[in-house]
Amino acid sequence: EEYTLEDLPGVGPTTAEKLREAGYTDLIELAVASPKDLADTVGIGEGVAQKIILAARKYANVGSFETGDVIYERRKKVTKLTTGSSDFDTLLGGGLETQAITEFFGEFGSGKTQIMHQLAVNVQLPKDKGGLEGHAVYIDTENTFRPERIKQMAEALELDPVEVLKKIHVARAFNSNHQILLVDKAMELAKEYPVRLLIVDSLTAHFRAEYVGRGSLAERQQLLNKHMHDLLKFADLNNAVVAVTNQVSSNPGMMFGDPTQPIGGNIVGHTATYRIYLRKSRGNKRIARLIDSPALPDGEVVIKIVKEGIRD
Ligand code: ADP
Ligand code: MG
């Protein structure tokens, strides 16, 4: 049985509303919250917060253990999606991995959206050409999806552009809540079509614009955290690639190294399986750097953005 926040002892409609506004939409999120964070973000006493958390632990569906063989069977299905550049694929150990989130971060014009377009085409390729023979879902938050560009890239791969466009399901997300809801929609779509790629371009722009100021940071991180976990679930359940883009904010306090930091900080960083930092170079060249990968060596490659798409 599914319980709601109102089922918790001592939580009436008003407190439930406050909790939801603070991003605690599921019992599981309350069950794993810290009393201090909960008290601070919702504006209740720590004692009350503690009680709510203990109750949530009792009612929440905390999931169950899986035996290793089940995980092994699922992991065996992990495959790779080509980026269009063989050097880039090599850096990634063969391409973008299914059942994982790959984050591309970089400044404006660094090629994030171009790469997303290329992936939406490549996912449709046969397996022996680095594709996954599947459809793509494209959550577009900045209104930068361009069918004309897809057509160009499809033609370069000798694919029928109309057929390719038909297998890319695009939705504009008008705000961060809409963006979160669209992942549920994508989950439904994946029951109807073989969706093997989910793109969120950009993951963080709405969150960044809507939650400004120190006071709303906790709330923003809560929601981003939930969003990332929804995305990871999509990746696992559909054996799909999830690719997200992220901007950088300059960190003028940093005196050495590159003074740019991805938005969303540790929340995004810890949930994304692979992080790629994109930098502009001369002309159409871009430098892609793999960062903090669990199983691959860090390194960087040069890619090009050309008429045909992403290439060596
Ligand atoms: P970001 O999403 O990181 O802000 P984009 O992916 O939009 O950046 O990258 C924009 C770059 O892609 C521009 O520098 C532009 O020159 C290049 N680009 C866009 N369309 C084409 C095309 N049809 N042919 C070649 N290069 C292109
Ligand atoms: Mg972009």
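Residue indices begin from 1 for each chain and proceed along its sequence in written order. Chain letters and ligand numbers both follow the written order, the letters beginning at A and the numbers at 1. Restriction of local features to residues with pLDDT of at least 70 applies here, the model being predicted, together with a cutoff of 80 or more for giving and counting side-chain atom pairs; totals for whole chains, interfaces and linings are based on all residues. Based on all heavy atoms of the structure, the side-chain values leave hydrogens and waters out of the count.

Caption draft 1: The arrangement of the packing of helix α7 (residues 112-122) against helix α8 (residues 147-156) in detail. At a minimum axis separation of 9 Å, α7 and α8 run at an interaxial angle of 55°. Classified by the angle their axes make, α7 and α8 are oblique. As α7 packs across α8, the resulting crossing turns out to be right-handed. Along its contact with α7, which presents Q114, H117, Q118, A120 and V121, the element α8 presents R149, I150, M153 and A154. Tallied by class, the residues present in the contact of α7 with α8 amount to five nonpolar, three polar and one charged. In this analysis an axis means a line fitted to C-alpha atoms, helices contributing only their contacting stretch, and an angle means the value between N-to-C directions, from 0 to 180 degrees. By the criteria applied, helices consist of DSSP H or I runs no shorter than four residues and strands consist of E runs no shorter than two, each listed in order from the N terminus. For classification purposes, an angle smaller than 35 degrees is called roughly parallel, one larger than 145 roughly antiparallel, one from 65 to 115 roughly perpendicular, and anything else oblique. The handedness criterion is simple: a crossing whose near helix is rotated anticlockwise from the far helix by less than a right angle is left-handed, and one whose near helix is rotated clockwise is right-handed. Residues are treated as being in contact if the distance between any of their heavy atoms lies within 4.5 Å. Amino acid classes used here: Ala, Val, Leu, Ile, Met, Phe, Trp, Tyr, Cys and Pro are nonpolar; Asp, Glu, Lys and Arg are charged; the rest, including Gly, are polar.

Caption draft 2: Structural context of the sheet that holds strand β13 (residues 309-311). Strands qualify as paired when DSSP identifies two bridges or more between them. Reading across the sheet, the nine strands line up as β5-β4-β6-β7-β3-β10-β11-β12-β13 and stay open at both edges, with mixed pairing between neighbours. The two strands at the open ends of the sheet, each matched to only one other strand, are β5 (168-172) and β13. Strand-to-strand twist across the sheet, computed as the mean angle between neighbouring axes with direction ignored, equals 25°. Bridging between strand β4 (residues 135-140) and strand β6 (residues 195-201) involves six bridges; their strand directions are parallel. Considered in β6, the bridge of I139 is made with V200.

Caption draft 3: Local environment of the pattern of salt bridges. Note on definitions: salt bridges are taken to be side-chain nitrogens of Lys or Arg within 4 Å of carboxyl oxygens of Asp or Glu. Inspection of every chain in the model, using the stated rule, returns 13 salt bridges. Notably, a salt bridge pairs K166 with E163, separated by 3.8 Å at the nearest N-O pair. You can see K166 and its partner E163 sitting in helix α9 (residues 161-166), three residues apart, about one turn around the helix. Relative accessibility decides the category of a residue: with a 1.4 Å probe and only protein chains considered, values under 20% of the type maximum give buried, values over 50% give exposed, and everything between is partly exposed. A residue is classified by how much of its surface remains accessible, and E163, at 36% relative accessible area, is partly exposed. Put simply, D230 and K226 hold a salt bridge, and the shortest N to O gap is 3.2 Å. Placement of both D230 and K226 in helix α12 (residues 217-237) is noted, with a separation of four residues, approximately one turn of the helix. D230 gets classed as buried once you look at its relative accessible area, which sits at 16%. Taking relative accessible area as the criterion, K226 reaches 18% and is therefore assigned buried. The network of salt bridges with shared partners includes R75, K80 and E97.

Caption draft 4: Just the site of ligand 1, in detail. In this text, near means that some heavy atom of the residue lies within 4 Å of the molecule or strand in question. Within the structure, ligand 1 sits among 14 residues, and G109, K112, T113, Q114 and R286 are positioned closest to it. Polar contact is defined as a pair of N or O atoms within 3.5 Å, subject to the rule that within protein one atom must be able to donate a hydrogen and the other to accept it, and that residues adjacent in sequence are counted only when both atoms are side-chain atoms. Within the backbone of S110, a nitrogen or oxygen atom sits 3.2 Å from an oxygen atom of ligand 1. Coverage of ligand 1 by the protein amounts to 64% of the 580 Å² it exposes when considered alone. Of all the secondary structure elements, the ones that give two or more residues to the shell around ligand 1 are α7, α8 and β12 (299-306). For accessible areas, the Shrake-Rupley method is used with a probe of radius 1.4 Å. Any residue's cover is judged against the shown protein chains and nothing else.

Caption draft 5: Expanded view of the packing of helix α10 (residues 176-192) against α12. Between α10 and α12, whose axes approach to 10 Å, the crossing angle comes to 10°. The angle between the axes of α10 and α12 places the two elements in the roughly parallel class. Between α10, through Q179, I180, V183, A186, M187 and A190, and α12, the contact on the second element is made entirely by L223, K226, H227, D230, L231, K233, F234 and L237. Tallied by class, the residues present in the contact of α10 with α12 amount to nine nonpolar, two polar and three charged.

So yeah, pure geometry; function would need other evidence.
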